[in-house]
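# Structural characterization, general
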Protein chains: 2
Amino acid sequence: MVGCVFISIGFRFSEFIAKDHLVDVTLAIDAMGGDHGTAVTLPAAVEYLKQYPRDSIILVGNPDTIKANLRTLGVDPVDGPFGVRLRVHAASEVVGMDEQPQSALRGKKDSSMRVAINLVKSGEASACISAGNTGALMATARYVLKTIPGIDRPAIASYLPTKKGQVCMLDLGANTDCTAEHLLQFAMMGATLVTALEHKPNPTVGLLNIGSEDIKGNEVVKQTALLLRASDLNFYGNIEGNDIFNGVTDLVVCDGFVGNVALKTAEGVAKMMGGFLKEGFGQNLYTKLAALVSLPVLKAFKHRLDHRRYNGASFLGLKGIVVKSHGSADVFAFRCAIEKAAEEARAGMWQQISVHIEKWHHERQNTPQGES
Amino acid sequence: MVGCVFISIGFRFSEFIAKDHLVDVTLAIDAMGGDHGTAVTLPAAVEYLKQYPRDSIILVGNPDTIKANLRTLGVDPVDGPFGVRLRVHAASEVVGMDEQPQSALRGKKDSSMRVAINLVKSGEASACISAGNTGALMATARYVLKTIPGIDRPAIASYLPTKKGQVCMLDLGANTDCTAEHLLQFAMMGATLVTALEHKPNPTVGLLNIGSEDIKGNEVVKQTALLLRASDLNFYGNIEGNDIFNGVTDLVVCDGFVGNVALKTAEGVAKMMGGFLKEGFGQNLYTKLAALVSLPVLKAFKHRLDHRRYNGASFLGLKGIVVKSHGSADVFAFRCAIEKAAEEARAGMWQQISVHIEKWHHERQNTPQGES
């Protein structure tokens, strides 16, 4: 459902945090999910544990497969270098990448995805990460964890690169038919995420539209602008598709249909342009020589556009932290998604959203009619 | 309202047509419209007349300004090299780029934009081209020319580049709240355009969605898929944002909100990536040298992504041909928009759409209930 954007700027939250001062977290990983399953999830988990020496990971899935694969990585699940920091939790089923969400929800109660979410529900883990089927993950997470009171629908948020740095955008595909009230709730959740992860106290919120003027857009968007203006958020106003990448605001809010189309359109253009460039430099001996001479520039360009660095979409609005990795993520990309989940867990993301939403509902109830 | 995509492939319809066999057309140009007005529209018109020796142009606007500017280009409006092929038609007003469509429609009845459209209505010109305010142009064109019977709303169509060539997409911003019936009509108009301009008898139609499966998308899109499947169009199915640029279908159909966001998102990503590349190659003496060595590759890359070659968005569904140039178009880009309008005029575009729509309405009326 949600695509990982092809392009991404080389910025990682973890770089800003001294590891000594981190709160320890335990993360549940759906070890079987994604296009590559344990071939990606296990090496990523091992790398993560090496990098964050106080955090713990619970690998969820087929114990035999997981243990055998861990051994090939030189890690013994019992006596290995990580001790109790690395545990294996059995789950007998796997949700297929193309399986219908409802079939996964009803038919696979012992799937690696569901058991990982259960561990968040029970408090054994403070976040879970899966590269599995997005629809099934959202449906299961919503069923198991429930939504935060005051939130009608969870949304999917992710970061995109901009000329200036990065921008957070939601919803990216969870909700196709939205009301203005839903979009307002997305804005509140997104603003809380940006504040927590980037330490921006009052992030600017842009409403994705087809013109900057108030009269532009469809009815839902016009109504949303009124709600955003009356809220406690730092509402910038309407922004257009190109403004996302100009870094005009810290947050971009839209419904899941528009957000998903925009995300995948960005992916498509980036891939096409990258392809043109590759084609051009690979044409003949002279152009290949030119590519060799330009290697430092082309490498830096590729690095700047490395989508893997921003892998990990946050499911916001749930009573727990769930991060979705791109299905085709490699080890590095999946590790980035684990880091994202850990950051959210350390920030107490869902509790922060809960406080923000409760405060807003309280203020709205106490505002005399006609004042806002 | 509609942005000209930053990127475009170097393909022009006119290249496929032997000029000797062209039907002569007369084109009305809003000479005052756009960010640069006569500084762009007049040289483009003169270049066009040189290139197409049997076509005629009527320049609409302030006669003194137009004549004085033509003289600086070495063209005498009376005795000049083009004779009766170049005429000036007076219009005393100009619609501002930020003017409200309704104010332009009601308050500026002698604007260069409106008079150019009037010339299409009266049959003196077979198409008009304007780089002016999109909203005002659409409102005025709709008021003066009226919509084709059976079409509820006109739409804006344009071409975008793909890995394989190009794709036609609509609506790009004229209609923000659409029903499934509107989207079906857009598909019919777009398919007629593709057939006429590209000589593709049965173009494939993709419905922009957030997944390929039938269950994906919002209610309008799901309903549209049913209508498209029951129509005489070559419906490919749902496509996603990245598929636009993979060249999966000949035509992409969406509502004007989604289309405009996708178009501008594509623009934004292309500009950002171009900027990164420029920055990388301009960093120091070595990278500048690398740029010099890579000049042939970089030039070809730039050429391939030259948005100007595809300037010109078609307003479809009106009883006349109206082409909107990007407001900031330069001479080359504006000439491309003139060429686009001429091609549509030669193809008898609006009459073809009219026939297609009438045939479809007729068939629908004669289809017994429950058959389609």
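Read on for an overview of the structure. Quick caveat: nothing in here was measured; it's all calculated off a predicted structure.

### So, helix H9 (residues 256-281) of chain A
One turn of the α-helix equals 3.6 residues, which is why residues spaced by three or four share an orientation. Residue and element names in this part refer to chain A. The end-to-end C-alpha distance of H9 is 37 Å, a good match for the 38 Å that 26 residues give at a rise of 1.5 Å each. For H9, the tally of buried residues reaches 21 of 26 residues, placing the bulk of the element in the interior. Its side-chain oxygen 2.8 Å from the backbone nitrogen of phenylalanine 257, aspartate 255 forms the N-cap of H9.

### Examining the side chain of glutamine 166 of chain A
Within the element layout of this structure, glutamine 166 of chain A appears in strand E6 (residues 166-170). Reaching out from glutamine 166 of chain A, the side chain makes a polar contact with the side chain of glutamate 198 of chain A at a distance of 2.8 Å.

### A few points about the state of the cysteines
Two cysteines, two sulfur atoms, one covalent bond between them: this is a disulfide. All names here are of chain B. Under the definition given, this model contains 0 disulfides over all chains. There is no disulfide at cysteine 168, and the cysteine sulfur nearest it, in cysteine 254, is 11 Å away. Owing to a relative accessible area of 0%, cysteine 168 belongs among the buried residues under this scheme. Cysteine 254 forms no disulfide, and the closest cysteine sulfur to it belongs to cysteine 178, at a distance of 8.8 Å.

### Describing the environment of alanine 313 of chain B
Along the chain, alanine 313 of chain B turns up in strand E10 (residues 313-316). For alanine 313 of chain B and alanine 157 of chain B, which are 156 residues apart along the polypeptide, the C-alpha to C-alpha distance reads 5.6 Å.

### Remarks on the interface of chain A and chain B
Across the boundary between the two partners, chain A contributes 53 residues, which contact 53 residues of chain B. Contact between chain A and chain B buries roughly 4900 Å² in total, counting both sides, with carbon and sulfur atoms accounting for 76%. Applying the counting criterion to the chain A and chain B interface returns 4 salt bridges. Arginine 304 of chain B is the salt-bridge partner of glutamate 279 of chain A, the closest N and O atoms lying 3.2 Å from each other. Across the chain A-chain B interface, the total number found is 11 residue pairs in polar contact (both at pLDDT 80 or more). Elements with a minimum of two residues in the side of chain A that touches chain B: helix H7 (219-230), helix H8 (241-246), H9, helix H10 (285-293) and helix H11 (295-304) of chain A. With 20 residues, H9 of chain A is the largest single contributor of residues to the side of chain A that touches chain B. In the side of chain A that touches chain B, the residues fall into 29 nonpolar, 17 polar and 7 charged.

### Details of the relation of the copies chain A and chain B
Expressed as a screw transformation, the operator carrying chain A onto chain B has a rotation angle of 180 degrees and an axial translation of 0.0 Å, and the superposed copies differ by an RMSD of 0.0 Å. Here the transformation between the copies is reduced to the relation of a two-fold axis. Both copies share a contact surface, since 100% of the interface residues of chain A are interface residues in chain B too.

### Quick word on unusual backbone geometry
All names here are of chain A. The amide bond that connects leucine 170 to the next residue, aspartate 171, takes the cis arrangement and shows omega of 0 degrees. Along the chain, aspartate 171 turns up in the loop between E6 and helix H6 (180-198). Phi at lysine 146 is positive, roughly 70 degrees, even though this residue is not glycine.

### Thoughts on a nonpolar patch on the surface
Side chains of Tyr286, Leu289, Leu292 and Leu295 of chain A sit close together on the surface and give an oily, nonpolar patch of about 400 Å² of accessible area. If you tally residues by element for the nonpolar patch, the top one is H10 of chain A, at 3 residues.

### A word on the packing of aromatic side chains
On inspection of all chains with the given rule, the structure shows 4 aromatic pairs over all chains. Between tyrosine 48 of chain A and tyrosine 52 of chain A, the ring centres sit 4.4 Å apart and the planes meet at 15 degrees, which makes this aromatic pair stacked. Here tyrosine 48 of chain A falls in the buried class, since its relative accessible area comes to 0%. One Lys or Arg, arginine 304 of chain A, reaches over the ring of phenylalanine 276 of chain B and ends 3.8 Å from the middle of that ring.

### What to know about the pairing of strand E7 (residues 204-208) of chain A
In summary, the side chains of a regular strand alternate between the two faces of the sheet. Residue and element names in this part refer to chain A. Judged by how many residues are buried, E7 sits mostly within the fold: 4 of 5 residues are covered. Here E7 pairs with strand E8 (residues 234-239) via 5 bridges, running parallel. When the sheet's bridge partners are listed, glycine 206 is paired in E8 with glycine 237. For the crossover that starts at E7, traverses H7 and ends in the parallel E8, the hand is right-handed. Taken together, the 3 bridges between E7 and strand E9 (residues 251-253) define a ladder with parallel strand orientation. From the neighbouring strand, leucine 207 faces E9, where its bridge partner is valine 253.

### Quick word on the pairing of strand E2 (residues 56-61) of chain B
Residues and elements named next belong to chain B. Of all the 6 residues making up E2, 6 are buried; the element is thus mostly covered by neighbouring parts of the structure. Of the two faces of E2, the one holding Ser56, Ile58 and Val60 and the one holding Ile57, Leu59 and Gly61 are both buried throughout. Bridge analysis of strand E1 (residues 26-30) against E2 gives 5 bridges, and the strand direction is parallel. Bridge assignment links threonine 26 to a residue of E2, and that residue is serine 56. With helix H1 (residues 38-51) bridging E1 and its parallel neighbour E2, the resulting β-α-β unit is right-handed. Regarding topology, helix H2 (residues 63-72) serves as the crossover connection from E2 to the parallel strand E3 (residues 86-90), and that connection is right-handed.

### Brief notes about the packing of H11 of chain A against helix H9 (residues 256-281) of chain B
Packing of H11 of chain A against H9 of chain B brings their axes to within 9 Å, and their N-to-C directions diverge by 145 degrees. The crossing of H11 of chain A and H9 of chain B is right-handed. On H9 of chain B, the residues that touch Val297, Phe301 and Arg304 of chain A of H11 of chain A are Met273, Phe276, Leu277, Glu279, Gly280 and Phe281 of chain B.

### Considerations on the packing of H6 of chain A against helix H13 (residues 349-366) of chain A
Residues and elements named next belong to chain A. Direction vectors running N to C along H6 and H13 enclose 130 degrees, while the axes themselves pass 9 Å from each other. Regarding the angle of H6 to H13, the classification is oblique. As H6 runs across H13, the sense of the crossing is right-handed. The segment H6 lies against H13, with Glu181, Leu184, Met188, Met189, Thr192, Leu193 and Ala196 engaging Met349, Gln352, Ile353, His356, Ile357, Trp360 and Arg364. When grouped by side-chain class, the residues that make up the contact of H6 with H13 number 9 nonpolar, 3 polar and 2 charged.

Rules used throughout
- Residues numbered from 1 in each chain as written.
- Chains lettered and ligands numbered in written order.
- Predicted model: local features only at pLDDT ≥ 70, side-chain atom pairs only at ≥ 80, totals over all residues.
- Heavy atoms only, no water.
- Helix = DSSP H or I, 4+ residues; strand = E, 2+ residues; numbered from the N terminus.
- Expected span 1.5 Å × (residues − 1).
- Buried < 20%, exposed > 50% of the residue type's maximum accessible area, 1.4 Å probe, protein only.
- Polar contact = N/O pair within 3.5 Å; in protein donor to acceptor, adjacent residues only side chain to side chain.
- Disulfide = S-S within 2.5 Å.
- Contact = heavy atoms within 4.5 Å.
- Buried area = accessible area lost by both parts, 1.4 Å probe.
- Salt bridge = Lys/Arg side-chain N within 4 Å of Asp/Glu carboxyl O.
- Nonpolar A, V, L, I, M, F, W, Y, C, P; charged D, E, K, R; others polar.
- Least-squares fit on C-alpha atoms with pLDDT ≥ 70 in both.
- Patch = residues over 30% accessible without salt bridge, like charges linked within 9 Å, V, L, I, M, F, W, Y side chains within 5 Å.
- Areas by Shrake-Rupley, 256 points an atom, 1.4 Å probe, with all protein chains shown as cover.
- Phe/Tyr/Trp six-rings, centres within 6.5 Å; stacked < 30°, edge-to-face > 60°.
- Lys NZ or Arg CZ within 6 Å of the ring centre and 35° of its normal.
- Pairing = 2+ DSSP bridges.
- Right-handed = clockwise from strand over helix to strand, strands pointing away.
- Axes fitted to C-alpha atoms, helices over the stretch in contact; angles between N-to-C directions.
- Left-handed = near helix turned anticlockwise from the far one by under 90°.
- Parallel < 35°, antiparallel > 145°, perpendicular 65-115°, else oblique.

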